[in-house]
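Structural features, examined
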Amino acid sequence: MHRAATLSPSAATHTAQLASRALQRRCIASQPPAPPNRDTNKARHKMCVQSSSVDENGAQSFEGLKGFEDRDASSFACAIVGDLHLEPGPPMDQFEDARRQLVAAVSKPDVAAPRVVQLGDLGGYNDRPGSRDCFQLARGYLSGFGVPTTLVTGNHDLEGDEFETDEENLAAWHEAFKQKHFWAAEVGPATFIGLSTVRFRSNPFSAHEVHIDDEQLDFFRAQLAQASAAGRPVVVFTHAPVLGSGLKVVQTVHVKNRCAWLNHSSRPQEFIELVQQHPNIRLWFSGHFHLSHNYADSISVVGGTAFVLTGVIGECNRDGFRQSRLLKGTAEGYELYTVDHDTGSLRLDLKHGWHDPSPPQPLLPEDEQICDPTAGWLCSKVDCALDGSEPPTAVGPSPSVTWLNAGPSCMLAVQPARPLALSLHFLFLSFLTLPQDAIIVEYDTRSMAPIGLVCMDVPDDCSVALVDAKGARVDTVNTDGAAAVAVEIYDSEGGLHQRIKRNQAGGFYKVYQHNKWAAKKKQQAEQAAHRQQAPAAPVPQR
């Protein structure tokens, strides 16, 4: 199952550049952070907001969506900003530099409607994300763009430690940004639609699943119907991408924890079905993965819809690049650019007519890709064709992956181990760089997308089989595999290493991450009960 991976010369050059940049950043950031202190954080927040290019009154007066709609605009330029994770202090210099670059990009003389959309996840991991202080800092930053700006929520925006419910947290977000968390606006020839997650504490599994509720889905359907009737193209903004979009995903993080796709644990296929029903959805932007725009599948196309991954401005990236998106639109069509915040340069990634029925073609040059698409892990292309022209089979479209039919809409991909050389290749690029055993990923065949991990520690030189209720091996080539009740993993000598039964959903994926907020509350309750039961300490006798 072990397969060596090699890199092309251009890939190796990019790899060396990435490693150098990431190593320099790790050296700069090697000082251990001080323990968090709420009083200190408040002072830092105040300092950061006041030192911004916008005064405190400007930050207080920020109103999301204000002036955003302009149906009569002959053209627009919209900066799409990914996960911010703002941290007060010196890191804000990077964000202010990036903001100046984006303002310059959208404020050209020939642009009738400059706009900004932010995709959620506002606060830094060590600075109480989702708190009122976090929202205040983000409001000050966003107000500094000086053009009509709006945003949606991300998973980290609802984990404020001062709130007991998601509803309280979302209400504080509303209060801070003075807008609804879902919205639609007509900007020039296009209709922009933003949808937000509304769950963190109440998510049934991973707290970080991005969940769009029924109220928003009804709103979304109504807006799509209205835009379709008017012949208007639609551009959608969400924090996480759509199952079936074919975008790059980190399988051992987001797929493993089942928080990769919108509504990952509850009918995630609904969104791609809406895309298929409404071909006027021309672009769908998302963030969430902290990946750059330099992968073959950082833009994917399904039908006539381009799904667009959006990177990050700060250092919380997985591959060394700091990037945002720029969308320019006229009555005829759109152009999509990458804004590189290290160089300040623009790169044209996509150009298409709004009403051109042909699929748009991404323009990323091969020598701009981070690494060879055959190298695996972050460098692998999507395993399955998205247009149905090459449906997955038991032998698989790629020799590096073994495919097993596991039910009417389920296939298992046995993906080979990441070689040590490849692990060292990524050593400077991410904290997810230790040598990785082979893994088994469950795919939903209706959307051609990974939905969960079955096993993360498949030994090298092992074999994998599906077995029925009697223990007999199931033919995963000539049948759909529905008779299988378990996956069995055998070592090199044929001994049983691990047995994984079907789950309640009918697949084989494991639930690796339960809701951490619920777990924390349970632990706190147990500790409080233990303190109440503990005998009182004896009073010392004098």
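Bear in mind the structure is a predicted one, so any value in this text is a computation, not a measurement.

**Some thoughts on the overall build of the protein chain**
- Within the protein chain, the secondary structure is distributed over eleven helices and 19 strands.
- Out of the 542 residues belonging to the protein chain, those deemed buried represent 57%.
- When the accessible surface of the protein chain is split by element, carbon and sulfur atoms take 53% of a total near 23000 Å².

**A closer look at the pairing of strand β13 (residues 402–407)**
- Here β13 lies mainly inside the structure; five of its six residues are buried.
- With five bridges joining them, β13 and strand β14 (residues 410–415) adopt antiparallel strand pairing. Each residue of the ladder has a partner; that of L404, found in β14, is L412.
- The loop that links β13 with its antiparallel partner β14 comprises two residues.

**Thoughts on the packing of aromatic side chains**
- As enumerated under the stated definition, the model contains 19 aromatic pairs in all.
- Considering the side-chain rings of Y141 and F145, the 5.6 Å spacing of their centres and the 85° angle between planes classify their relative orientation as edge-to-face. Residue Y141 shares its accessibility class with F145, and that shared class is buried.
- By the ring-pair criterion, three or more aromatic residues cluster together here, those being F68, F76, W183, F192, F237, F285, Y334 and W354.
- Over the ring of F68 we find R115; its NZ or CZ atom is 5.6 Å from the centre of that ring.

**Brief notes about the pairing of strand β11 (residues 333–340)**
- Summarising burial for β11: seven of the eight residues are buried, a large majority.
- Relative to β11, strand β10 (residues 323–330) runs antiparallel, the two being bridged by seven bridges. Across the sheet, L326 pairs through a bridge with Y337, a residue of β11.
- Following β10, the chain reverses through two residues before pairing antiparallel with β11.
- Two elements, β11 and strand β12 (residues 346–353), share seven bridges in a ladder whose sense is antiparallel. In the sheet register, T338 faces β12, and the bridge partner there is R347.
- Once β11 ends, the chain turns through five residues before running back antiparallel as β12, passing G344 with a positive phi of about 80°.

**Some thoughts on the sheet that holds strand β18 (residues 486–490)**
- Spatial ordering of the open sheet is given by β17-β18-β19, a layout of three strands whose pairing is antiparallel. With one partner strand each, in any of the chains shown, β17 (463–467) and β19 (496–501) form the two edges of the open sheet. Strand-to-strand twist in this sheet, taken as the mean axis angle between neighbours without regard to direction, amounts to 20°.
- As paired strands, β18 and β19 are joined by five bridges and run antiparallel to one another.

**Focus: the sheet that holds strand β9 (residues 305–309)**
- On the basis of which strands lie adjacent, the open sheet formed by six strands has the order β4-β5-β6-β7-β9-β8 and mixed pairing. In the strand order of this sheet, the two ends are held by β4 (183–187) and β8 (299–302), each with one partner. Sheet twist, expressed as the mean angle between neighbouring strand axes with direction ignored, is 20°.
- Sheet strands in contact with helix α7 (residues 214–230) are β4, β5 (190–194), β6 (234–237) and β7 (281–286), and its direction is about 175° off that of β5.
- Docked against the sheet, helix α9 (residues 269–277) engages β7, β8 and β9, running at close to 150° with respect to β7.

How each quantity is defined
- Residues numbered from 1 in each chain as written.
- Predicted model: local features only at pLDDT ≥ 70, side-chain atom pairs only at ≥ 80, totals over all residues.
- Heavy atoms only, no water.
- Helix = DSSP H or I, 4+ residues; strand = E, 2+ residues; numbered from the N terminus.
- Buried < 20%, exposed > 50% of the residue type's maximum accessible area, 1.4 Å probe, protein only.
- Areas by Shrake-Rupley, 256 points an atom, 1.4 Å probe, with all protein chains shown as cover.
- Pairing = 2+ DSSP bridges.
- Phe/Tyr/Trp six-rings, centres within 6.5 Å; stacked < 30°, edge-to-face > 60°.
- Lys NZ or Arg CZ within 6 Å of the ring centre and 35° of its normal.
- Axes fitted to C-alpha atoms, helices over the stretch in contact; angles between N-to-C directions.
- Contact = heavy atoms within 4.5 Å.

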